[in-house]
Amino acid sequence: MASWLERGDHSFKLIAGFVVFAGLIGFLLETTYREFFESIIKLSLSEEYSYIIVSFFTVLTVLYLATRYIGFSYGVRLSKVVFAATLLAFSIAIYMLARVDLERGVQLMGLSFACVFVSLLVFIYEPRTLREVIVLLTPLLLIPLPTSMIDSLTPTLSRYIGLLAGFVTGARVIESPGFTQIEVVSASGESVRLSVEAACTGVVTTSCIIAVAPLLAYMASFSVDKPLRKVIISILSILTALMIGLVGNFVRVILVIYVAMNLGVEYAYTFFHYSPSILYSTISVLAAVYIMRRYLNFKEIPLRSLREDFAPRATWDYIAGVLLLLIIVVGATSLIVQSAGTGSGVSSVIVEAHSVSEYLSNPAKYLSTSRLVFTGGVYDAFLTRVLGGLSVYRVSASSMGELYTGYIELVDTPARLHTWELCLTLQGYNVKSSWSTDVEGARVNFIVIERGVWRGVLAYTLIPITIRTPSGDYNVYTRVSLVSGEVVNATGKLTSALISIIVEHSSVQSRGGGVLNTLMQAFIYMLGVFLAYLVVLAIHKLYGYRVKGVFHG
């Protein structure tokens, strides 16, 4: 049994290691992965991605349980170094890819961050059982689900929720390939159609249960019950959580229908917007955790590091050396990524405007070129809601004597954009095929569509926009789409028209800051490393003398 002195010494080492590790993660989020962190915060405020809040909860809770019951196993071995170096190299490669593939950039950035997170964690945490490996996998929960996955699930859930709601209320259900509508007679006597959208289908609840599943599995692994009982209770908790979420969203649809019938459509939509799915999801998650805690048996588990002969191996000089190595690794990784990222990625388009709202209200005015002229733009509230952007405009355009219809979508992060395949289906088109091509450092995507006897192609590209105003520069993303009634001969013309936006407005400024700036940052960082090392040793000396005085005084 470990003495009080050993427990106190271990606790201080644990706190020091966790503080240094958390500080390094915070440093990466503030610098290299700042864009990713800002993106997932913005996404978590939207209903479809509100489950990310649960993901944060899961990651932090699992990490807390790991440090409490398992502790940190400091150690530097060749296998650890090789594994961490491989993950860091993979992370850098994924980070570079994220700067090119803007549509999946946030997801790729999240995967890169997860790899860095795990590579740092293995220096101070050493899994020895399958249960302990879960800790290394939880950072993957911070990667937002691609909208293509949500878009493929939404129509199916929408159909079943709509059919069930129509059966209960007696309202007419109108089914289409991409969505389901419920036709009701409102309080004013007019016939209106209410769409069963993503918020009402239980997608958020399903995502939340997926996000909390690793925590439930980790909790079950500490139970002293037989494996069969663990499996049964775990499945019961997940099914209960799913049922609560789906029933909650179903009740929400029923209430919206009855509110529209008895009070009016405007009240129904107000109720719709102020009843977020995260409420049902939170209840679902809490219910799942409660069932696990209530029906599984747990016992007090001593720290693994205190059960072993940990103290003779983990001297304070050794611990300080490991923490110093972590700091150096983070600094080197950050500098390598910054240097490799200099001048890479898709060029940012510069537009001069008096204010951000001026560009957001009339983007067609600023995106016209000598080869592509937008002749009009009409705000589309329906597509803005469906595609998840800040605003969507239907536009007309002309290029080299050809006339096109098209769309301009504005978003603060590309992960918010839904797929064009879903939007086209909602408008009654059939998607026949799709492909993409890279031109001038940008990716142009094509989708062949048809409706009735009409057949054509939609081409789009995603462009990072820097809005330069007197008060400063602001960044948004703009997806520009053009539709042509031709297929065979249109792809080259559409590509040329879209690429002209990037060619004529692109920024030629380097985003890296130059070699001298990188070397200066390296010098400042290494100076900070040395000072941090001195602080850790000073705290150890002061803490060590106080502990000895308490037990030997």
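Note that the structure is predicted; figures quoted are calculated from it, not measured.

Definitions and limits used
- Residues numbered from 1 in each chain as written.
- Predicted model: local features only at pLDDT ≥ 70, side-chain atom pairs only at ≥ 80, totals over all residues.
- Heavy atoms only, no water.
- Helix = DSSP H or I, 4+ residues; strand = E, 2+ residues; numbered from the N terminus.
- Buried < 20%, exposed > 50% of the residue type's maximum accessible area, 1.4 Å probe, protein only.
- Contact = heavy atoms within 4.5 Å.
- Areas by Shrake-Rupley, 256 points an atom, 1.4 Å probe, with all protein chains shown as cover.
- Salt bridge = Lys/Arg side-chain N within 4 Å of Asp/Glu carboxyl O.
- Core = buried A, V, L, I, M, F, W, Y, C linked by side-chain atoms within 4.5 Å.
- Axes fitted to C-alpha atoms, helices over the stretch in contact; angles between N-to-C directions.
- Parallel < 35°, antiparallel > 145°, perpendicular 65-115°, else oblique.
- Left-handed = near helix turned anticlockwise from the far one by under 90°.
- Nonpolar A, V, L, I, M, F, W, Y, C, P; charged D, E, K, R; others polar.
- Expected span 1.5 Å × (residues − 1).
- Pairing = 2+ DSSP bridges.
- Patch = residues over 30% accessible without salt bridge, like charges linked within 9 Å, V, L, I, M, F, W, Y side chains within 5 Å.
- Polar contact = N/O pair within 3.5 Å; in protein donor to acceptor, adjacent residues only side chain to side chain.

Asks: Help me out: how do you make sense of the overall build of the protein chain in this one?
Replies: For the protein chain, the helix and strand inventory stands at 19 helices and 11 strands. When the 553 residues of the protein chain are sorted by exposure, 52% land in the buried category. Long-range pairs, those at least 24 residues apart, make up 70% of the contacts in the protein chain between residues at least 6 apart in sequence. As displayed, the protein chain has an accessible area near 26,000 Å², and 66% of this comes from carbon and sulfur atoms.

Asks: How should I be thinking about the pattern of salt bridges in this particular structure?
Replies: Oppositely charged side chains can form a pair if their charged atoms are brought close together. Evaluated as defined, the whole model comprises 15 salt bridges. Among the ionic pairs, E183 bridges to R172, the shortest N-O distance being 3.1 Å. Note that E183 is positioned in strand β2 (residues 180–185) and R172 in strand β1 (residues 172–175), a separation of 11 residues in sequence. With relative accessibility at 19%, the residue E183 sits in the buried group. Where R416 meets D412, a salt bridge forms, and the shortest distance between an N and an O atom there is 3.0 Å. What emerges from the salt-bridge pattern is a single network uniting D101, R104, D438 and R443.

Asks: What should I look at first to understand the nonpolar core in this one?
Replies: The tendency in soluble globular proteins is for nonpolar side chains to be buried side by side. Ranked by size, the top nonpolar core spans 74 residues in total, and within it Y33 and L120 carry the most contacts. The greatest single-element share of this core, amounting to 13 residues, is contributed by helix α5 (residues 105–124). Counting residues in each nonpolar core, the second largest holds 33 residues, with A364, L372, V444 and I499 among its members.

Asks: Before we go on, may I ask you to explain the environment of A98 in this structure?
Replies: For A98, the location among the structural elements is in helix α4 (residues 78–98). In contact with A98, not counting residues within four places along its chain, are G105, L108 and M109.

Asks: What should I look at first to understand the packing of helix α7 (residues 147–169) against helix α9 (residues 227–262) in this one?
Replies: Between two packed helices, the angle of one axis relative to the other and the distance separating the axes together describe the packing. Contact geometry for α7 and α9: axes closest at 10 Å, N-to-C directions at 50°. Considering the angle they form, α7 stands oblique to α9. Seen along the crossing, α7 lies across α9 with a hand that is right-handed. Only F250, V253, I254, I257 and Y258 of α9 make contact with α7, whose side of the interface consists of I161, L164, A165, V168 and T169. By residue class, the composition of the contact of α7 with α9 is nine nonpolar, one polar and no charged.

Asks: Mind showing me how you'd approach α9 here?
Replies: Residue pairs spaced three or four apart in an α-helix point in one direction, given the helix's 3.6 residues per turn. Given a rise of 1.5 Å per residue, 36 residues ought to cover 52 Å, and the 52 Å separating the end C-alpha atoms of α9 matches this to within 8%. G264 occupies a position one or two residues after α9 and carries a positive phi of about 130°.

Asks: Would you mind showing me how to read the pairing of β2 here?
Replies: Consecutive side chains of a regular strand alternate in pointing toward one face of the sheet and then the other. Buried residues dominate β2, accounting for five of its six residues. The pairing of β1 with β2 spans four bridges and is classified as antiparallel. Within the sheet, the bridge partner assigned to V173 lies in β2 and is I182. As defined by bridge partners, β2 adjoins strand β3 (residues 191–195) across five bridges and the pair is classed as antiparallel. Directly across from V185, in β3, lies its bridge partner S191. The antiparallel hairpin formed by β2 and β3 contains five residues in its connecting segment, where G189 sits at a positive phi of about 95°.

Asks: Before we go on, may I ask you to explain the sheet that holds β2 in this structure?
Replies: The antiparallel open sheet is built from three strands, whose spatial order is β1-β2-β3. For this open sheet the edge positions go to β1 and β3, each flanked by a neighbour on one side alone. Going from strand to strand, the sheet's axes swing by 30° on average, the running direction of each strand aside. Packed onto the sheet, α9 meets β2 and β3 and runs at close to 30° relative to β2.

Asks: I'm lost on a nonpolar patch on the surface in this one. Help?
Replies: Taken together, L164, F167, V168 and Y258 make up a surface patch of nonpolar side chains, about 420 Å² in accessible area. Considering each element in turn, the nonpolar patch owes the most residues, three residues, to α7. For L164, the position within the fold is in helix α7.

Asks: What am I meant to see in the packing of helix α2 (residues 34–44) against α5 here?
Replies: At their nearest, the axes of α2 and α5 sit 10 Å apart, and the two run at 120° to each other. Considering their axes alone, α2 and α5 lie oblique with respect to each other. With respect to the hand of their crossing, α2 and α5 are arranged in left-handed fashion. Within the contact between the two elements, α2 uses E35, F36 and S39 and α5 uses V106, M109, G110 and F113. Partitioning the contact of α2 with α5 into residue classes produces four nonpolar, two polar and one charged.

Asks: Quick question: what am I supposed to make of the side chain of S481 here?
Replies: Within the element layout of this structure, S481 appears in strand β11 (residues 472–484). A distance of 3.0 Å separates a polar atom in the side chain of S481 from a polar atom in the side chain of W420. If we ignore the near neighbours within four places in the chain, the residues touching S481 are T405, G406, Y407, E409, W420, L458, A459 and Y460.

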